[in-house]
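Commentary on secondary and tertiary structure
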Amino acid sequence: MSLDSESSPPSSSRDWFFPSPSFIQSPHQPPKTPKYPRRFSTNPRSFRYNTSESGPHKTPPFRGVSPSDSARFRDPRYAGLRRRVEIPRRADNSPTIKDADSISSQKTSSQEKIPGFSWQRVKVRWQMAFAVATLITVMSSLVHKNFSLHNQVMELQDHILVLNFQLRACALLDSVDVIDSMRHESDYIPSKGLKNLALIVSVTLLSVPLVIFKCMDVVSKSRSSDNISEEVSLHKQLAYQVDVFLSVNPYAKPLALLVATLLVIFLGGLALFGVTDDSLADCLWLSWTYVADSGNHANSDGVGPRLVSVSISFGGMLIFAMMLGLVSDAISEKFDSLRKGRSEVVEQNHTLILGWSDKLGSLLNQLAIANESLGGGIVVVMAERDKEEMEMDIAKMEFDFKGTSVICRSGSPLILVDLKKVSVSKARAIIVLADDGNADQSDARALRTVLSLTGVKEGLRGHIVVELSDLDNEVLVKLVGGDLVETVVAHDVIGRLMIQCARQPGLAQIWEDILGFENCEFYIKRWQKLDGMVFEDVLISFPDAIPCGVKVASSGGNIILNPEDTYVLQEGDEVLVIAEDDDTYSPAALPMVWRGNLPKDFIVPNSSEKILFCGWRRDMEDMIMVLDAFLATGSELWMFNDVAEKERKRKLIDGGLDTDRLENITLVHREGNAVIRRHLESLPLESFDSILILADESVEDSAVQADSRSLATLLLIRDIQAKRLPLREAMVTQTRRGGFSQGSWIGEMQQASDKSVIISEILDPRTKNLLSMSKISDYVLSNELVSMALAMVAEDRQINYVLEELFAEEGNGLQIRQADLYLREGEELSFYEIMLRARQRREIVIGTRLANSERAIINPPSKSERRRWSAKDVFVVIAEE
């Protein structure tokens, strides 16, 4: 009888008898009879022989079973040796003893061949592999058990369903309703194979990334072992590609988060579909609830549903953590963008200022005054500064914006993207400010800015007003910008103003009134009712304005200042006036005005003058040429500064000045420091007709330092002049003026002011208060006057031509005339009558300053009202030089 015939049938499919073929004797070994009975171990992980001998256990070699041995096994005495060993289902994966011997022999041979072989490392790897296999076996048994229980539950549910059907049939229910209800309930019971497939698919998809990363690791290690040269691993390449994708695509992070959310919901729904009885749609919805709220999985029943629900909830927590991080980063980035001025300006018909300088405060003030009649406007400032710093500096400015809003943005005017950010194509005027510092570098940057502006694809609605520092660069900027550009050369304007003010004391205040928007300024408008009228009649047709020119339509829009009385206005001509605002004047009916005759002829004085320049400006050659055109023959120009005489001559020649071609003036060079008293005392300060204190080139970058130097020079010159005056003249002057004692420094300086005119160039408007309170000198607020000119040209680009002609040494300009040139002492005349008398010399009277008044009044009211004038009154006129 065989071994199998005597054995009892197994209790389950997992019980197996030890196979007899493993005892087959090798043909090369003689049969041996064991000394002691062999006993088999019931350990499911391995099979080995155990002996009762003391000492180390030795595994006897395998051998075949002889017929005697088989007979011995059939003997009832050895029936106890038969054991039923329970082996797990995955036990077939474990190697047999024979395979282990072959593997060990191969390892031994490989150890002998491979140098530096570590048996300990191999042992650790095998232990890890054995542990992983054990874990997989346990998990498989649990899953199998779960499936078995699940199948039993489903069978019970089917049985319950059948019982319910029988109960309903017994209760005499409608057969149709029973069938429908059965069909409805059966629809919710998916097939077991479909559920198992869904579970397998979800587990497989979760395992795919791990397998891919493991394969990448293996490939990277094989590459590194085969190639000695350094090579980027697949992990780094993958990380780089992900980094590039997230950096280049702005929507990469939200998209990745959306994909991860959908993937978790889909895989979680498949897993729930495999372990529960619900439909796939219900499982997907339940998976979404687990992702959205991690506390929903607390109601899950069973081991499988709980494991899946916990996994889905854990993935949901990670997804919502990433979502919160993305939302937080997006909000922070948006606030940072708003704080740093990176957002786009959505405005139209606004004024755009590009750059930042000391003139910005005065410029914003003038623009605010100009927009007051419109209820306020929008001014956008873009500079390469932080937005918060710009807003803080603007908030510190001590003036009322009068409804005008100032918007600051950080950016470069050389970048088209930044220009589009401030709606450059929709601005009605663009002002380019010059940078503080080197003149050539500032003008070069202004030129590049104009190039950027002309490169805007959408085109520009408004014109460009460019502030330049050097007159020589004006031609190049106009060549690049074309008809879009209007230039204002700051140094040239200030130099001409200082020369005019030095020759005519009080002219600086008049220029402040005309250039700024606070009082009266230039306006151009067409009046159809004036067509066919001669200019002499037009002159007295505006009770609230003073006409001073005509924009001729037939000549392409050229503006003629101070035209002939016989000029007749044609259709399309516009009238240039000086008025308080563009909506405060209109023509009226012609008044009856008596012209009369001039009391005496005006003789232009042609005496030589002696002028002193204290300090050095980079446009000194331009000022000298303008002064040579103004002064009479035989005049002297003294130049006092700390620049060496040879260096001065070289700079003048480099600037294009040929001293041999000067017709009316002679240059006198003196070297010294204008803030050192002994250097100033070496000059004949009491003999100069005019003294111009210039903002020195060495300190012009700092407005405070330049003004401090100018103020110190002014005080020293006044003190030296006062002490050099004869005591008799000082007493006479003091008696005439009154109000100050002889020892008062203000009184002494006022005494000295009758002998010469001192004009100081002031950069900081705050210094004006010190000079105006002392009443010791005229001054030219260079930065403020330039800002006024920029604002006027920005509001109306046609005014630039008017200003250029008024600043020029030839043509029409502002003059101050004595009253006795137009009237006799005690004569009663209206302002209209004085205007018509001035037309006999082709002059236009635009204002007056009374003898007892401190300031001139431009465009005075009540022009038709008669009054008594004094010979000490003066009038401001526009006349040819």
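Presented here is a report on the structure given in the accompanying data block. In every chain, residue numbers begin from 1 and rise along the written sequence. Totals for whole chains, interfaces and linings use all residues, but because this is a predicted model, local features are given only for residues with pLDDT of at least 70 and pairs of side-chain atoms are given and counted only at 80 or more. Heavy atoms from the whole structure form the basis of all side-chain values; hydrogens and water molecules are not counted.

If you tally the helices and strands in the protein chain, you get 28 helices and 26 strands. Three labels apply to residues, based on accessible area from a 1.4 Å probe with only protein chains included: buried if under 20% of the type maximum, exposed if over 50%, partly exposed otherwise in between. Relative to its full complement of 881 residues, the protein chain shows a buried share of 41%. Contacts are residue-level and defined by heavy atoms, with any inter-residue pair within 4.5 Å sufficient. At a minimum sequence separation of 6, the contacts of the protein chain that also span at least 24 residues come to 74%. Summing over all exposed atoms, the protein chain offers an accessible surface of approximately 48300 Å²; the carbon and sulfur share of this is 56%. Counting from the N terminus, the helices are the DSSP runs of H or I reaching at least four residues and the strands are the DSSP runs of E reaching at least two. Exposure was quantified through the Shrake-Rupley algorithm and a 1.4 Å probe, taking into account, for residues, occlusion by the shown protein chains and nothing else.

Let us look at the sheet that holds strand S21 (residues 812–818). Pairing within the open sheet is antiparallel, and its 4 strands lie in the order S21-S26-S23-S24. Edge positions in the open sheet fall to S21 and strand S24 (857–858), since each of these has one partner strand only. Examined bridge by bridge, S21 and strand S26 (residues 874–880) share 7 bridges and lie antiparallel to one another. Counterpart to Gln815 in the pairing with S26 is Val877. Helix axes are fitted to C-alpha atoms over the stretch in contact, other axes to C-alpha atoms as well, and angles between N-to-C directions run from 0 to 180 degrees. Helix-sheet contacts for helix H17 (residues 507–515) involve S21, strand S23 (844–849), S24 and S26, and the interaxial angle to S21 is about 130°. Running at roughly 130° to S23, helix H28 (residues 831–838) makes contact with S23 and S26 of the sheet. One bridge is not enough; two strands pair if DSSP finds at least two bridges between them.

Moving on, we get to the packing of aromatic side chains. Only Phe, Tyr and Trp rings are paired, with Trp represented by its six-membered ring, and only when their centres lie within 6.5 Å; those with planes under 30 degrees apart are stacked, over 60 edge-to-face, the remainder tilted. Counted under the stated rule, the structure contains 8 aromatic pairs. Between Trp527 and Tyr585 the ring centres are 5.8 Å apart and the planes differ by 70°, which places this aromatic pair in the edge-to-face class. Placement of Trp527 in the loop between strand S11 (521–525) and helix H18 (535–539) and of Tyr585 in the loop between strand S14 (574–579) and strand S15 (610–614) is noted, with a sequence separation of 58 residues between them. Here the two residues Trp527 and Tyr585 agree in accessibility, since each one is buried. Taken together, Trp527, Phe542 and Tyr585 form an aromatic cluster joined through their ring pairs. The ring of Phe688 is capped by Lys610, whose NZ or CZ atom sits 5.3 Å from the centre of that ring. Placement of a charge over a ring requires the Lys NZ or Arg CZ to be within 6 Å of the ring centre, with the centre-to-atom vector within 35 degrees of the ring normal.

The next subject is the nonpolar core. Definition used in this section: a nonpolar core is a set of buried Ala, Val, Leu, Ile, Met, Phe, Trp, Tyr and Cys residues joined via side-chain atoms within 4.5 Å. Ile353, Phe522 and Ile624 are the most contacted members of the largest nonpolar core, which totals 123 residues. Ranked by residues supplied to this core, first place goes to helix H26 (residues 782–795) with 9 residues. When residues no more than four places from it in sequence are discounted, the contact partners of Phe522 are Ile514, Cys548, Leu576, Val577, Ile578, Met792, Ile799, Val802 and Leu806. With 23 residues, the next largest nonpolar core counts Val345, Leu354, Val477 and Val489 among its residues.

Further remarks concern the sheet that holds S11. Here we have 4 strands laid out as an open sheet, ordered S11-S14-S12-S13, and antiparallel in their pairing. The outermost strands of the open sheet, each flanked by one partner alone, are S11 and strand S13 (558–561). For this sheet the average axis-to-axis angle between neighbouring strands, irrespective of direction, equals 30°. Of the pairings in the sheet, the one linking strand S12 (residues 546–552) to S14 comprises 5 bridges and is antiparallel in character. Bridge pairing in S14 places Pro547 opposite Val577.

Between helix H8 (residues 252–275) and helix H9 (residues 280–292), whose axes approach to 8 Å, the crossing angle comes to 125°. Compared by their axis directions, H8 and H9 come out oblique. The chirality of how H8 crosses H9 is right-handed. Across the interface between the two elements, Val264, Ile265, Phe266, Gly268, Gly269, Leu270, Leu272 and Phe273 of H8 pack against Leu280, Cys283, Leu284, Leu286, Ser287, Trp288, Tyr290 and Val291 of H9. In terms of residue class, the contact of H8 with H9 is built from 13 nonpolar, 3 polar and no charged. Here roughly perpendicular refers to angles of 65 to 115 degrees, roughly parallel to angles under 35, roughly antiparallel to angles over 145, and oblique to all remaining angles. Each crossing gets its hand from how the near helix is turned against the far one by less than a right angle, where anticlockwise is left-handed and clockwise is right-handed. Amino acids are sorted into nonpolar (Ala, Val, Leu, Ile, Met, Phe, Trp, Tyr, Cys and Pro), charged (Asp, Glu, Lys and Arg) and polar (every other residue, Gly among them).

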